[in-house]
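Listed below, chain by chain, are the residues.
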Amino acid sequence: MLIDSHAHLQWASFDADREKVITRAREANVKNIVNIGYDLDGSEKAVELAEKYEGLYATVGIHPHNADRFNEKILETLRSISENPKVVAIGEIGLDYYRNLSSKDAQQKAFETQLILAQELKLPVVIHDRDAHAEVLKTLSKFKGKTNGVMHCFSGSPEIAEQCIRMDYCVSFAGPVTFPNAYKLHETAKTIALDKILIETDCPWLAPQNMRGKRNEPAFLPFTAEKVAILRGISLDELAEATTKNAKQLFHFL
Ligand SMILES: [Zn+2]
Ligand SMILES: [Zn+2]
């Protein structure tokens, strides 16, 4: 079995066929799906889905894109919805200097405030880092020993992966690891410790190579898993077993 450690099935593009998407995931042996919050509405919807479907879990948090709208009231709402037992992490939080949809100051403030929340709630965090490796690592180093979590859709070098692992973070691979020219990412997937790897779809985005251009969904996760297994020279079963164990350990679900 596989665990999709990062999905957004609450997204509107699944409104028409969400039930079928979940069924296809189960048929593809993707037994657990963690739906990730990105704003307050997305977090609440992730929790609703987790309550409705067995095997689905949720995280709650404000994405850096939405950091400009982050405030005290949202923070308190996140705190209260995180009491639901199917909420397994705070996220996705972090920095996005690629699109810069919110100001850098607002992104940094929302990031740190939610790291403190995670620390208080003793929940792991799901980190979004785009074109901000140095700043994300600097921020996480302030919380070293106080938070742990996963670097989602990891896009960095083996050296950056090592730095994340030293900070007690796992590294999660998404569709881009299947792209033929993703040499640096292939090197990272090949070399990092097996007990630090997670896999994800980040659906509806980032479909793997042979589904490129389509809406992504959890049933496509085996393509990403297979690519990572091939890169490491291990069987798909071995990769599936390790990543499942790692995700369960991180998110504390059974
Ligand atoms: Zn993200
Ligand atoms: Zn995401």
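Details of the structure are given in the entry above.
Residues numbered from 1 in each chain as written. Chains lettered and ligands numbered in written order. Predicted model: local features only at pLDDT ≥ 70, side-chain atom pairs only at ≥ 80, totals over all residues. Heavy atoms only, no water.

(A) Representation of the coordination of the zinc ion (ligand 2) in the model. Note on the zinc ion (ligand 2): its protein donors are H6 (NE2), H8 (NE2), E92 (OE) and D202 (OD). The metal-donor distances range over 2.1 to 2.5 Å. Taken together, the four donor atoms coordinating the zinc ion (ligand 2) and their angles of 86 to 178° define a geometry best described as irregular. Each donor residue of the zinc ion (ligand 2) belongs to the same chain, with the gaps between them written as H-x1-H-x83-E-x109-D. The zinc ion (ligand 1) is placed at 3.4 Å from the zinc ion (ligand 2), the two being bridged by E92. Taken as a pair, H6 in strand 1 (residues 2-7) and D202 in the loop between strand 8 (197-199) and helix 8 (221-232) lie far apart in primary sequence, 196 residues in all. Comparing H6 with D202, the two get one shared label, buried. (Donors = N, O, S within 2.8 Å, 3.2 Å for Na, K, Ca; no water. Tetrahedral: all angles 85-135°; square planar, octahedral: opposite > 155°, others 65-115°. Helix = DSSP H or I, 4+ residues; strand = E, 2+ residues; numbered from the N terminus. Buried < 20%, exposed > 50% of the residue type's maximum accessible area, 1.4 Å probe, protein only.)

(B) Region of interest: the pattern of salt bridges. Evaluated as defined, the whole model comprises 10 salt bridges. Across the salt bridge formed by E217 and R24, the nearest N and O atoms sit 2.8 Å from each other. Taken together, the residues span a long stretch of sequence, with E217 in the loop between strand 8 and helix 8 and R24 in helix 1 (residues 18-27) at a distance of 193 residues. With relative accessibility at 5%, the residue E217 sits in the buried group. The exposure class assigned to R24 is partly exposed, which follows from its relative accessible area of 32%. A salt bridge links E187 to K190; the shortest N-O distance between them is 4.0 Å. Of this pair, E187 and K190 both sit in helix 7 (residues 183-191), separated by three residues, roughly a single helical turn. Via salt bridges that share partners, D17, R24, R215 and E217 belong to a single interconnected network. (Salt bridge = Lys/Arg side-chain N within 4 Å of Asp/Glu carboxyl O.)

(C) Inspection of helix 6 (residues 158-166) at higher detail. By the burial criterion, the buried members of helix 6 are P158, I160, A161, C164 and I165. Projected onto a plane normal to the axis of helix 6, the buried residues spread over an arc of 160° and lie on a single side. In this structure, helix 6 carries E159 and R166 as exposed residues pointing more than 90 degrees from its buried face. Looking at the buried positions of helix 6, the neighbouring elements they touch are helix 5 (133-142), strand 6 (149-151), strand 7 (169-173) and helix 7. D168 lies just past helix 6 and shows a positive phi near 75°. (Arc of directions from axis to C-beta. Contact = heavy atoms within 4.5 Å.)

(D) Seen up close, the packing of helix 4 (residues 104-121) against helix 5. Packing of helix 4 against helix 5 brings their axes to within 11 Å, and their N-to-C directions diverge by 30°. Crossing handedness for the pair helix 4 and helix 5: right-handed. Every residue of helix 5 that contacts helix 4 at Q108, F111, E112 and L115 is listed here: V136, T139, L140 and K142. Counted by class, the contact of helix 4 with helix 5 contains four nonpolar, two polar and two charged residues. (Axes fitted to C-alpha atoms, helices over the stretch in contact; angles between N-to-C directions. Left-handed = near helix turned anticlockwise from the far one by under 90°. Nonpolar A, V, L, I, M, F, W, Y, C, P; charged D, E, K, R; others polar.)

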